[in-house]
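Reading the structure
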Amino acid sequence: MSTAKLVTDSAVWERTVSNSMSAELYRRASAVSPGGVHGAGRYYEPVPIFFGKTEAQFIWDVDGRRYLDLHAAYGPAALGHNDPDVRSAVIEALETEGVLYGTAHRREVELSELLVDEIPCAEMVALCGGGGSDPLYFGYRLARSVTGKNVLLKFEGGYHGWHDEFALSARPRVEDAGPADSPVAVPVSAGFAQQEGHAVIGVLNDPDILERIFEKHGDQLAVAVIEPVCHAAGCIPIDVSFLQLLRDLCTRHGVILMFDEVITGFRHSVQGAQALLGVTPDLAAFGKAMGNGYPVSALVGRRDLMSGLSPLGPAFYSGTFNGHLIGVVASLATIRAMKERRIHDHTGRLGDYVRDELNRAAAEHDIKVVCQSFGSVYCLYLGTDRPVRNYRDIAIDAYAKDAPLNSQYRLALLDAGIYMHPYFSNRSFLSAAHTMEDVGHIVDVTVDFMRREREAINSKAGLASVATA
């Protein structure tokens, strides 16, 4: 847990949490839960805000203050919170079908057929019951079983779930991470169980490094996993040529290519980012926006590979909540709503508008910031005037949630009634419920902050360039 404070003397923060129900709930929670929260991502200093209601594009704290939400529960709420069509479908299922079968049911067949129809790489589907870590783990197990090899290729700055196999080099400190052109694997957690050498760490958007990795390790690699857009580091688009090279190298060396579409899938397209980018993996993991907030996830892929999962094949695949009725029903309703409302046209326009307006203001006022977006996700990188291409471009402060400028920016948003969840970058999720008026407000508040803090932002850019020289 970081010892740095989140601007505790800020008048904004004092108005928000001082003498509030959040402070009291945090006091109670700290006595019964580690850090007073249920997972590292929910914690931030000095006191996390506790919330009591979500609806559409808004979130209310336990004291009744309403915020325009840019968190979207880490991305799932692509339609907006508590979407009425999804809610109605879930209520109907609860009243007419129940909650959990724990055995085969017709709804999971409907969803599996729909995913096969929509997703380019999906010839078979394995539904899971919870977060994206589940299908990613099953995919890695399957790849090892099919190839008879064990080594994983992942890319620095990518996060692919909490399992030890993947919990490497997500947000390492520069001093721990090795040379920029040959990163070393840095465990995310204490108690790490894997042996040294089980993973090779790549660099996003660098084809030369990628080719060297395959020349050296290609015959050992079981699987290469990558987000087709790196949202774990905010919003780093991956060159299509880089993804295609990775596709070609995997095919040439007999390596399974798995896309982590846990964030990109359904948020950017019902067919996944793979359809938008035109590169088809062997396997892909989906979750988050797939159920618009209800827990559901899936591993999909080629029939010859997926047939290796039990009970058909030798790679064990099971789980009490796999194909959970409510998650499956929510997913069916979510996908139907996305297609009928054509939400991705709307959310893409919103994201493009925020990006273009913030970059225009930065250029006009000579402020060293870059806003990058893909569809409904955008990220404002403070203190740089160059496109962010890989993790090392932001590593100087991306390993911590409380980098001073980022913290000040989030507080400025909070003071204006906008909630951006403290994260390792200024990553924001827009939804189908957001309006052009909403994003106009976000732009106005952000530009005002950029102009007010221009000197500090530009000074940080100078320090960053020295640190990475």
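The paragraphs below set out a description of the structure included in this document. (Residues numbered from 1 in each chain as written. Predicted model: local features only at pLDDT ≥ 70, side-chain atom pairs only at ≥ 80, totals over all residues. Heavy atoms only, no water.)

Some words on the sheet that holds strand 6 (residues 199-202)
Consider a sheet: its strands pair through backbone hydrogen bonds, and that pairing is either parallel or antiparallel. With respect to topology, seven strands assemble into an open sheet ordered 4-12-11-10-7-5-6, the strand pairing being mixed. On the outer flanks of this sheet lie strand 4 (124-128) and strand 6, each paired with one strand and no other. This sheet shows a mean twist of 20° between the axes of neighbouring strands, independent of strand direction. Pairing between strand 5 (residues 151-155) and strand 6: four bridges, direction parallel. Residue pairing in the sheet places L153 in a bridge with V200 of strand 6. (Pairing = 2+ DSSP bridges. Helix = DSSP H or I, 4+ residues; strand = E, 2+ residues; numbered from the N terminus. Axes fitted to C-alpha atoms, helices over the stretch in contact; angles between N-to-C directions.)

Brief notes about the pairing of strand 7 (residues 221-226)
The buried fraction of strand 7 amounts to six of the six residues, a majority that puts the element mostly inside the structure. Bridging between strand 5 and strand 7 involves three bridges; their strand directions are parallel. Note on strand 7: the bridge partner recorded for V151 is L221. (Buried < 20%, exposed > 50% of the residue type's maximum accessible area, 1.4 Å probe, protein only.)

Digging into helix 5 (residues 133-147)
In a regular helix each residue adds 1.5 Å, so 15 residues correspond to 21 Å; helix 5 covers 21 Å between its end C-alpha atoms and thus fits that length. The first or second residue beyond helix 5 is G148, which carries a positive phi of 75°. (Expected span 1.5 Å × (residues − 1).)

Remarks on empty space enclosed by the protein
Enumeration according to the criterion identifies five cavities of 30 Å³ or more in this entry. Size it by volume and the second largest cavity reaches roughly 60 Å³. In terms of lining, the second largest cavity is formed by L70, H71, Y74, M420, H421, Y423, R427 and F429. Its residues assigned to classes, the lining of the second largest cavity shows five nonpolar, two polar and one charged. (1 Å grid on protein atoms, 1.4 Å probe; cavity = no way out; pocket = protein on both sides within 12 Å on 5 of 7 lines; lining within 4 Å. Points joined across faces, edges and corners; volume = space filled by probe spheres on them. Nonpolar A, V, L, I, M, F, W, Y, C, P; charged D, E, K, R; others polar.)

Thoughts on the packing of aromatic side chains
Tallying each qualifying case throughout the model produces 11 aromatic pairs. Here F51 and Y67 contribute two aromatic rings whose centre-to-centre distance is 6.3 Å and whose plane-to-plane angle is 80°, an arrangement assigned as edge-to-face. Highlighted residues: F51 in strand 1 (residues 51-55) and Y67 in strand 3 (residues 66-69), separated in sequence by 16 residues. Exposure remark for F51: the relative accessible area of 27% places this residue in the partly exposed category. Ring geometry for Y137 and F138: centres 6.4 Å apart, planes at 65°, overall edge-to-face. For F138, a relative accessible area of 10% corresponds to the buried category. (Phe/Tyr/Trp six-rings, centres within 6.5 Å; stacked < 30°, edge-to-face > 60°.)

Let's talk about the pattern of salt bridges
Per the stated rule, a full pass over the model turns up 25 salt bridges. The shortest N-O distance in the salt bridge between R355 and D356 comes to 3.0 Å. For D385, the salt bridge goes to K368, with nearest N and O atoms at 3.3 Å. One end of the pair, D385, is in the loop between strand 14 (377-382) and helix 12 (395-398); the other, K368, is in the loop between helix 11 (343-364) and strand 13 (369-374), with 17 residues separating them in the sequence. (Salt bridge = Lys/Arg side-chain N within 4 Å of Asp/Glu carboxyl O.)

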